[in-house]
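One-letter residues, chain by chain:
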Amino acid sequence: MRIVALLLAGLLPSGLLSQKPAGIPEDVRANVRARVEAGSWPSVAIGIVDRHGLRYFTYGGPAGQSVDEHTVYEIGSITKVFTSLALADMAIRGELSLDAPIQQYLPAQVKAPEHGGKPITLRLLAGQRSGLPRMPTNFAPADPNNPYADYDTTRLYRFLSEHTLARDPGERYEYSNLGIGLLGVILARHDQTSYEAMLRRRILDPLGMKSTMIQLTPDARKRLAPGHAGGKPVANWDLDALAGAGALRSDAKDMLRFVAAALGLKSTRLDSAFRFTEARQFEAGSPTMSIGMGWHILQRPATRIIWHNGGTGGYRSFAGFSPERRIGVVVLANSSLSVDDLGYHLLDSSMAMVAPRIALALPGDSLQAYVGRFQLAPSFILTITREGNALYLQATGQPRFALFASRRDEFFLRDVEAEISFERNAQHQVEALVLHQNGANRRGERIRD
């Protein structure tokens, strides 16, 4: 629960070291404090870097402890940027061809899918236009709490050999964990080593990122913030064949070194590769969103935001920068609730932060009116239960989550970005609820047993 101001020694031109960096904006610090104290995140680590230097704001942590810029978090899908950067490095060095079919880089016994005579290429994997689905259909984790741990290359290669593409590669943007995971396998195979060792040699060591890794050292494990979901600690995720899509762990200090290098605040041997990954390659689903290689590019009225976020079972992350403003941001948290709004706001203050949600204490007896089952679809039911002064929601086939009142008949979830509104009839009895999530409103009638 402290602010740390440091200069980016070794990464910034020496002429800038005498200039005083601005602090973390007070509105961001107040927002983070309120949301941590309201239970949204157990802890948050924020880092900002610009031409003046870098600074951190960290808040929360286990009882009797505090987090700092050395606290380790899972960064999830931000790993995809590292995978794409390694690809760019190899391509610039002439080690492989971006537009060659991936079949060329796979074992002979593996058959890469095609469609309309068009092959998947390495460029299309990095640009999320491969035509591969988000996840393979033979993904069936033995342990749902660590779902990627047993998905190995044998299963991946079997899926590729048996899969039929639904459309031509390159036809449209389609975000795929599978695609970038496959890219990581190809790049590691090219280097004849593991995915982590490939990244260590090509990216992590050259940038001095000693706290970024997949297999945690004893020291890093001591600094690891436990992941949380549903208000409870959850298991860390281990990724095998799909490591390139989300296996990395890191801290705010290392991630700011990465963002500073992406901004070009000091020359590194990866400069050309960074510039290549940051250049627009394809549109990405909307007029204002495009994609380079790994990085997404959001066009705002006054600036571009080059960014990626990440999430695993108990963590959320954001890394991004504005080339025009010459500022970069990292946000890490050990919760299943998004931190994207903080990252966007720090890069463009016209983008609003999520307001802290303060729970209202309702009389325990009044909660009984909400208890029941509500059917939103033939096979989708929300069950509301009560334990003392606490109310819980459980969807069909999903974990149970606590509900918190914002006012009478209005509730929110802290560990899922969703809200619940209850509807009453003329006799003031609760007869339905509405689930508000992802911009959609789904109504369910109470089931009368």
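Residues numbered from 1 in each chain as written. Predicted model: local features only at pLDDT ≥ 70, side-chain atom pairs only at ≥ 80, totals over all residues. Heavy atoms only, no water.

A. Inspection of the overall build of the protein at higher detail. Within the protein, the regular secondary structure consists of 10 helices and 23 strands. Taken over the C-alpha trace, the protein has a radius of gyration of 23 Å; the compact-globule value for 449 residues is 22 Å, and the two agree within 12%. For the protein, the C-alpha atoms occupy an extent of roughly 75 × 60 × 45 Å along the three principal directions. Counting the 449 residues in the protein, one finds 55% classified as buried. Long-range contacts, defined as pairs at least 24 residues apart, comprise 61% of the intrachain contacts of the protein with a sequence gap of at least 6. When the 51 positive and 44 negative side-chain charges of the protein are each reduced to one mean point, those points stand 3 Å apart. (Helix = DSSP H or I, 4+ residues; strand = E, 2+ residues; numbered from the N terminus. Rg over C-alpha atoms; globule rule 2.2 N^0.38 Å. Buried < 20%, exposed > 50% of the residue type's maximum accessible area, 1.4 Å probe, protein only. Contact = heavy atoms within 4.5 Å. Lys, Arg positive; Asp, Glu negative; His and termini not counted. Charge placed at Lys NZ, Arg CZ, Asp CG, Glu CD.)

B. Summary view of the sheet that holds strand β20 (residues 410-412). Spatially, β16-β17-β18-β19-β20-β21-β22-β23 is the arrangement adopted by the eight strands of the closed barrel, whose pairing is antiparallel. Going from strand to strand, the sheet's axes swing by 30 degrees on average, the running direction of each strand aside. Where strand β16 (residues 372-377) lies against strand β17 (residues 380-387), five bridges are found, and the strand directions are antiparallel. Paired with Arg 373 across the bridge in β17 is Thr 383. (Pairing = 2+ DSSP bridges. Axes fitted to C-alpha atoms, helices over the stretch in contact; angles between N-to-C directions.)

C. Examining the packing of helix α2 (residues 79-92) against helix α6 (residues 195-204) more closely. The geometry of α2 relative to α6 is characterised by a closest axis approach of 10 Å and an angle of 70 degrees between their N-to-C directions. Classified by the interaxial angle, the pair formed by α2 and α6 is roughly perpendicular. Along this stretch, α2 crosses α6, giving a crossing that reads as left-handed. On α6, the residues that touch Thr 79, Phe 82, Thr 83, Leu 85, Ala 86, Asp 89 and Met 90 of α2 are Tyr 195, Met 198, Leu 199, Arg 202, Ile 203 and Leu 204. Taken together, the residues that form the contact of α2 with α6 break down as nine nonpolar, two polar and two charged. (Parallel < 35°, antiparallel > 145°, perpendicular 65-115°, else oblique. Left-handed = near helix turned anticlockwise from the far one by under 90°. Nonpolar A, V, L, I, M, F, W, Y, C, P; charged D, E, K, R; others polar.)

D. How the structure looks around unusual backbone geometry. One non-glycine residue, Gln 192, adopts positive backbone phi at about 55 degrees. Relative to the assigned elements, Gln 192 resides in the loop between α5 (177-191) and α6. Look at Gln 192 and you get exposed, because its relative accessible area is 75%. The backbone of Asp 409 sits at a positive phi, close to 70 degrees, despite the residue not being glycine. Assignment of secondary structure puts Asp 409 in the loop between β19 (400-407) and β20. Relative accessible area serves as the criterion here: at 10%, Asp 409 is assigned to the buried category.

E. Just the environment of Tyr 105, in detail. Relative to the assigned elements, Tyr 105 resides in the loop between α2 and β5 (114-115). For the pair Tyr 105 and Ile 24, spaced 81 residues apart in the sequence, the C-alpha separation amounts to 46 Å. Ignoring any residue separated from it by four or fewer positions in sequence, one finds Tyr 105 in contact with Leu 96, Ser 97, Ala 100, Leu 122, Ile 186 and Arg 189.

F. Molecular detail of the packing of helix α1 (residues 26-37) against helix α10 (residues 340-347). As a packed pair, α1 and α10 sit with axes 11 Å apart at the nearest point and diverge in direction by 170 degrees. In terms of axis orientation, α1 runs roughly antiparallel to α10. Within the contact between the two elements, α1 uses Asp 27, Val 28, Asn 31, Val 32 and Arg 35 and α10 uses Asp 341, Leu 342, His 345 and Leu 346. Taken together, the residues of the contact of α1 with α10 break down into four nonpolar, two polar and three charged.

G. Molecular detail of the side chain of Ser 176. Tracing the backbone through its elements, the reader meets Ser 176 in the loop between α4 (153-162) and α5. For Ser 176, a relative accessible area of 0% puts it in the buried group. Reaching out from Ser 176, the side chain makes a polar contact with the backbone nitrogen of Leu 178 at a distance of 3.4 Å. The contact partners of Ser 176, leaving out residues within four places of it in the chain, are Lys 80, Gln 128, Leu 132, Pro 133 and Arg 134. (Polar contact = N/O pair within 3.5 Å; in protein donor to acceptor, adjacent residues only side chain to side chain.)

H. Fine view of the nonpolar core. Among the nonpolar cores identified, the biggest contains 85 residues, and Phe 82, Ile 203 and Phe 258 are the most heavily contacted of them. Per element, the largest residue contribution to this core is nine residues, and it comes from helix α8 (residues 252-263). In contact with Phe 82, not counting residues within four places along its chain, are Ile 75, Leu 199, Ile 203, Leu 204, Met 209, Leu 248, Met 255 and Phe 258. The next biggest cluster of nonpolar side chains, apart from the first, holds 31 residues, and it includes Ile 291, Leu 337, Leu 346 and Met 353. (Core = buried A, V, L, I, M, F, W, Y, C linked by side-chain atoms within 4.5 Å.)

I. Geometry of the packing of aromatic side chains. Following the criterion strictly, the structure yields 17 aromatic pairs and no others. Ring geometry for Trp 307 versus Phe 318: centroids 6.3 Å apart, planes at 5 degrees, classification stacked. Placement of the pair is Trp 307 in strand β13 (residues 304-312) and Phe 318 in strand β14 (residues 315-322), with a sequence separation of 11 residues. When sorted by exposure, Trp 307 lands in the same class as Phe 318, which is buried. Following the ring pairs from residue to residue traces out a cluster consisting of Phe 82, Phe 258, Phe 274, Trp 295 and Phe 321. (Phe/Tyr/Trp six-rings, centres within 6.5 Å; stacked < 30°, edge-to-face > 60°.)

J. Layout of the side chain of Lys 80. Mapped onto the elements, Lys 80 comes out in helix α2. Apart from residues lying up to four places away in sequence, Lys 80 is in contact with Gln 128, Tyr 175, Ser 176, Asn 177, Ile 180, Gly 244, Ala 245, Gly 294 and His 308.

K. Focus on α5. For α5, spanning 15 residues, the distance from its first C-alpha to its last is 21 Å, which sits close to the expected 21 Å at 1.5 Å a residue. Of all 15 residues that make up α5, 13 are buried, and the element is covered over most of its length. Among the residues of α5, the N-terminal cap falls to Ser 176, whose side-chain oxygen and the backbone nitrogen of Leu 178 are separated by 3.4 Å. (Expected span 1.5 Å × (residues − 1).)

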